[in-house]
Protein chains: 2
Amino acid sequence: MTKRIKIEALLKSSQTNIEVTVKGWVRTKRGNKNVNFIALNDGSTINNLQIVADPNLISEEILKQVSTGACIAVNGTLVESQGAGQKFEINAKEIQVLGAADPEKYPLQPKKHSMEFLREIAHLRPRTNTFGAVFRIRHAMAFAVHNFFNEKKFFYMHTPIITGSDAEGAGEMFRVTTLDAKNPPLKEDGSVNFKEDFFEKETNLTVSGQLEGELGALALSDIYTFGPTFRAENSNTTRHLAEFWMIEPEMAFYDLQDNMDLAEEFLKYLINYALENCADDLAFLEQRLIEEEKNKPANEKSEMTLTEKLRFVAENDFERITYTEAIDILRNCNPNKKKKFQYLIEGWGTDLQSEHERYLVEKHFKKPVILTNYPKDIKSFYMRMNDDEKTVGAMDILFPGIGEIVGGSQREERLDKLVSRMNEMGVPTHEMEWYLDTRRYGSAPHSGFGLGFERLIIFVTGMANIRDVIPFPRTPGNAEF
Amino acid sequence: MTKRIKIEALLKSSQTNIEVTVKGWVRTKRGNKNVNFIALNDGSTINNLQIVADPNLISEEILKQVSTGACIAVNGTLVESQGAGQKFEINAKEIQVLGAADPEKYPLQPKKHSMEFLREIAHLRPRTNTFGAVFRIRHAMAFAVHNFFNEKKFFYMHTPIITGSDAEGAGEMFRVTTLDAKNPPLKEDGSVNFKEDFFEKETNLTVSGQLEGELGALALSDIYTFGPTFRAENSNTTRHLAEFWMIEPEMAFYDLQDNMDLAEEFLKYLINYALENCADDLAFLEQRLIEEEKNKPANEKSEMTLTEKLRFVAENDFERITYTEAIDILRNCNPNKKKKFQYLIEGWGTDLQSEHERYLVEKHFKKPVILTNYPKDIKSFYMRMNDDEKTVGAMDILFPGIGEIVGGSQREERLDKLVSRMNEMGVPTHEMEWYLDTRRYGSAPHSGFGLGFERLIIFVTGMANIRDVIPFPRTPGNAEF
């Protein structure tokens, strides 16, 4: 056989009547005693390549093994397709079965499978159209992240995964240890002696690379992280994972306005990149959503298709309002007056719930919203105090259907104000001398934000559950594969 | 002040006599009562920008605070420099001190610091020339990794960090847990009840994404991982970290030859990318190495400079030999005959030690070597059995000064042979049904390899210790920052 060509490349061919070799997995086979049509997919594209197999050329023994899921190599002639739905097809001269797939046992037969079932066979689900599309888009988005920052001369920084500090307090942490699980060494007072653990202290999986990212920015100007982060929270929702990937840029000399500008530009860049580079996969996912909504009542159907939604976000300015303005809108809105919110908005100072964020984004503004200047008491110690001494320079970006997709702030660069906030909030300064050093020596105004990568992928793909946009989701009770 | 421009961009300017604003950290200040010269660095480049400050224009109070480590903003006129060593300088009109750095306390004074000391202040060391250069090159190499694979239509895959399987047996693992460290729940038989742990089973930090990567390749054709991996080994060497980043491509339909071709092309691409994109940083690091070696005896000095070494590797074919050929060379070489090896090579079958690898690479071939077809007993269960039934389709790439930089193999795609190897080597098949499924259904020949990212960075930067090429190294007893 000649050198294999990927189907994605082959479908861009400008030549026909050439001999080609393709390899991939059989999606379906149909036909009759005169001719067989094999839909072949190699994962390089959502599009199958049709193989026309003439039983006079390809033996019955071979064709019998060409069933859904089997891996085959095909050599033949690329010709223009006579049938509808494809430009090219291959008239097979030779087919080799590289790996059969017993039709009695192969779990991925060509029928509709539930998302729950596919999660149980997460090792095979990338072979489906939906997950192939999702994971190709996930790749494209990751590449776009790096491309965006590289072009802006940001430096990618690998912040530590195992950390000795629980400073940010962003959530419950996983302990990382090599101590004997049953009989840990104890100190004289009966507590566990972490001096005997691998790192000679108690260590955890990181919840954020931000604090270390700040160290990078205060030396290299602009950095970003893109790595796994962890929450040991017992959340069984469609929006939470115990292990997820986060992108955290951190920029010296950026104020809150610069920070918002960058985040909005970044999100629009990513969405435009998907529209330009993932058109086939998006078209498939869009059609999938339309099918899914067919049986829904009119008022539950989406107002826009998937690509319309993406284009809308990419082309329109995000709404920027302060927390205080948001509270005014919410206090006076119908759902609040009619007591339809579960949590009624009564005064200034409480955190917004998901229902409030969704109202602002989906009903009131009908577009992404950047909320700024939150009350200091509901935000982290490192956010910069505003002159009013009541609010901090935070900014959260809320997306339709997702809620918070970005959280960021200008950081407190003034040593005295930072230390007094840490003391107020019970953050131990003695464990954070390294962080405080950046405010002692050559401090600079700086800002940053975090983007939850899986939430971005949910938005771009239109998938309903965060477990379906990462190859092997980790949630309470689930660490399979 | 006008909008800030980064020094890297400014130094490419084609205009002079324009008003500009720069911000960054003071490296040095020298001068007299008539004029001050400030070397300013903002991390965007190794090159400092010279600021000329006239005490008649800039107050003494400000200039007093302009000390090493201070962060300042400078507005002034960009002019051609009269002095040697720089093309441009700025005649300052205004200087703002954004963050002072008390010269009595700031640890990074302009003098030579030991690498050990700088590791203790890893939160500040990115502000030095050496670490700035290393971390910019680290960024460039990470970007080049993504660029290489994206252009080849490989898909970036996030394999899980927390894993329930210890299948690869690549090394000691860290346990990930939320159980009470002191009083874990016990089962009736007295053992720890991991059913009550977060994931309802014992979980660890991954040692490799390969097995999950194979699942991706057998659906999407070509994937790669790039993520953190972990070893809980008590290794205090210049080549080992407990937390390090690894790149693991996995390709359907690749045999061992294709695998070697890709790995060699990849390494050469990365090195060429550094030569083309990191010239200033490499020139600095090259000079640094020359200075370091000045006092060494002639026979310990490097034969090539850093960039000569990089160019040599990028331009020459790697030597490809089998393990068996390597044993023949080693058995008959002088150090073996004269019993100068610590481990003498006597027969076929034992693993090569670092001294043997270095002899092959540094003395015998004087270039990178790809060793193939190792004895099955010293390699992992998933490597493809050769027809001789004695060797497997493994390939390791050995680099001068580094040793193994890449390890890979063709994978065993034949279910029966894979299961029998697992049984022979005591790998529990019942925990690996998901892995075996890919050989049951649509199996395909496939290959892959792993590149240790930090080892690549050591090679490209010429740094001597792996702890100095990652921002916050994790080693036994060290998880600071």
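- The name an unreviewed UniProt entry gives chain A is Asparagine--tRNA ligase, with Roseivirga seohaensis subsp. aquiponti as the organism.
- What UniProt states about chain A under its Subunit (unreviewed entry) heading is, verbatim, "Homodimer."
- UniProt, in its Subcellular location (unreviewed entry) section for chain A, records the words "Cytoplasm".

Some remarks on the pattern of salt bridges
Residues and elements named next belong to chain A.
And then number 1: The final tally for this structure, using the stated rule, is 58 salt bridges over all chains.
And then number 2: A salt bridge links Arg136 to Asp281; the nearest nitrogen and oxygen atoms lie 2.9 Å apart. Placement of Arg136 in helix α4 (residues 129-151) and of Asp281 in helix α7 (residues 279-293) is noted, with a sequence separation of 145 residues between them.
And then number 3: The exposure class assigned to Arg136 is buried, which follows from its relative accessible area of 7%.
And then number 4: Among the salt bridges present, the one from Asp317 reaches Lys268, with a minimum N-O distance of 3.6 Å. Residue Asp317 is located in the loop between α8 (306-315) and β12 (319-322), and its partner Lys268 is located in helix α6 (residues 256-277); the two are separated by 49 residues in the primary sequence.
And then number 5: For Lys268, a relative accessible area of 13% corresponds to the buried category.
And then number 6: Three or more residues are tied together by salt bridges with common partners; here these are Asp261, Glu264, Lys268, Asp317 and Arg320.

Examining helix α5 (residues 210-220) of chain A
All names here are of chain A.
And then number 1: Within α5, eleven of the eleven residues are buried, which leaves the element mostly enclosed by the surrounding structure.
And then number 2: Within α5 the residues assigned to the buried category are Gln210, Leu211, Glu212, Gly213, Glu214, Leu215, Gly216, Ala217, Leu218, Ala219 and Leu220.
And then number 3: Looking one or two places after α5, you find Ser221, whose phi comes out positive at around 75°.

Some thoughts on the interface of chain B and chain A
And then number 1: Between chain B and chain A, the residue contacts involve 113 residues of the former and 113 residues of the latter.
And then number 2: Summing the contributions of chain B and of chain A, the shared interface buries around 8,800 Å²; its carbon and sulfur component is 64%.
And then number 3: Interface area lost by chain B to chain A is led by His158, Phe253 and Tyr441 of chain B, which between them contribute 9%.
And then number 4: Where chain B meets chain A, there are six salt bridges.
And then number 5: Between Asp222 of chain A and Lys6 of chain B there is a salt bridge, and its shortest N-O distance comes to 2.5 Å.
And then number 6: Summed over the shared surface of chain B and chain A, the number is 46 residue pairs in polar contact (both at pLDDT 80 or more).
And then number 7: Per-element tally for the side of chain B that touches chain A: the top contributor is helix α4 (residues 129-151) of chain B, with ten residues.
And then number 8: Considered class by class, the residues forming the side of chain B that touches chain A number 57 nonpolar, 29 polar and 27 charged.
And then number 9: As judged from the three bridges shared by strand β8 (residues 175-177) of chain A and strand β8 (residues 175-177) of chain B, these two strands associate in the antiparallel manner.

What about the domain arrangement of chain A?
Residues and elements named next belong to chain A.
And then number 1: Under the domain assignment used here, chain A contains domain 1 (7-99) and domain 2 (129-171 + 207-318 + 367-468).
And then number 2: In this structure, domain 1 and domain 2 have C-alpha centres spaced 43 Å apart.
And then number 3: In this complex, domain 1 contributes six residues to the contact, which on the side of domain 2 involves six residues.
And then number 4: Of the roughly 450 Å² buried where domain 1 meets domain 2, counting both sides, 45% is carbon and sulfur surface.
And then number 5: Among the residues of domain 1 in contact with domain 2, Arg27, Gly43 and Ile46 are the three that bury the most area, contributing 79% of the side total.
And then number 6: Here domain 1 and domain 2 share zero salt bridges between them.
And then number 7: Counting every contact that joins domain 1 to domain 2 gives three residue pairs in polar contact (both at pLDDT 80 or more).
And then number 8: Partitioning the side of domain 1 that touches domain 2 into residue classes produces one nonpolar, four polar and one charged.

Concerning the sheet that holds strand β5 (residues 88-99) of chain B
All names here are of chain B.
And then number 1: Taken together, five strands build a closed barrel; the order of strands is β1-β2-β3-β5-β4 and the barrel is mixed. The sheet shows a mean angle of 55° between the axes of neighbouring strands, direction not considered.
And then number 2: Note: strand β1 (residues 18-31) against strand β4 (residues 71-80), eight bridges, orientation antiparallel. For Val20, the partnering residue across the bridge sits in β4 and is Gly76.

Observations concerning the nonpolar core
And then number 1: In terms of nonpolar packing, the biggest core is built from 250 residues, with Met141 of chain A together with Met141 of chain B touching the most fellow members.
And then number 2: Residues within four places of Met141 of chain B in sequence aside, it is in contact with Leu270, Tyr273, Ala274, Phe453, Leu456, Ile457 and Val460 of chain B.

Let's talk about the packing of aromatic side chains
And then number 1: This structure, assessed with the given rule, holds 55 aromatic pairs over all chains.
And then number 2: Judged by centre distance (5.4 Å) and plane angle (75°), the ring pair of Phe381 of chain B and Tyr382 of chain B falls under edge-to-face.
And then number 3: Looking at Phe381 of chain B, the relative accessible area reads 2%, which means it is buried.
And then number 4: Taking relative accessible area as the criterion, Tyr382 of chain B reaches 4% and is therefore assigned buried.
And then number 5: Clustering of aromatic rings is evident, with ring pairs tying together Phe148, Phe149, Phe154, Tyr156, Tyr224, Phe266, Tyr269, Tyr273 and Phe449 of chain A.
And then number 6: When the ring centre of Tyr435 of chain B is taken as reference, the NZ or CZ atom of Arg439 of chain B above it lies at 4.3 Å.

Regarding the relation of the copies chain B and chain A
And then number 1: The two copies are related by a screw motion: chain B maps onto chain A through a turn of 180° and a shift of 0.0 Å along the axis, at an RMSD of 0.0 Å. Taken together, the turn and the small shift mark the pair as related by a two-fold rotation axis. Every residue of chain B has its C-alpha some distance from the rotation axis, and the shortest such distance is that of Val176 of chain B, at 2.5 Å.

Procedures and definitions
Residues numbered from 1 in each chain as written. Chains lettered and ligands numbered in written order. Predicted model: local features only at pLDDT ≥ 70, side-chain atom pairs only at ≥ 80, totals over all residues. Heavy atoms only, no water. UniProt positions renumbered as here; feature names shortened; annotations may be inferred. Salt bridge = Lys/Arg side-chain N within 4 Å of Asp/Glu carboxyl O. Helix = DSSP H or I, 4+ residues; strand = E, 2+ residues; numbered from the N terminus. Buried < 20%, exposed > 50% of the residue type's maximum accessible area, 1.4 Å probe, protein only. Contact = heavy atoms within 4.5 Å. Buried area = accessible area lost by both parts, 1.4 Å probe. Polar contact = N/O pair within 3.5 Å; in protein donor to acceptor, adjacent residues only side chain to side chain. Nonpolar A, V, L, I, M, F, W, Y, C, P; charged D, E, K, R; others polar. Pairing = 2+ DSSP bridges. Domains from an automatic or database assignment. Axes fitted to C-alpha atoms, helices over the stretch in contact; angles between N-to-C directions. Core = buried A, V, L, I, M, F, W, Y, C linked by side-chain atoms within 4.5 Å. Phe/Tyr/Trp six-rings, centres within 6.5 Å; stacked < 30°, edge-to-face > 60°. Lys NZ or Arg CZ within 6 Å of the ring centre and 35° of its normal. Least-squares fit on C-alpha atoms with pLDDT ≥ 70 in both.

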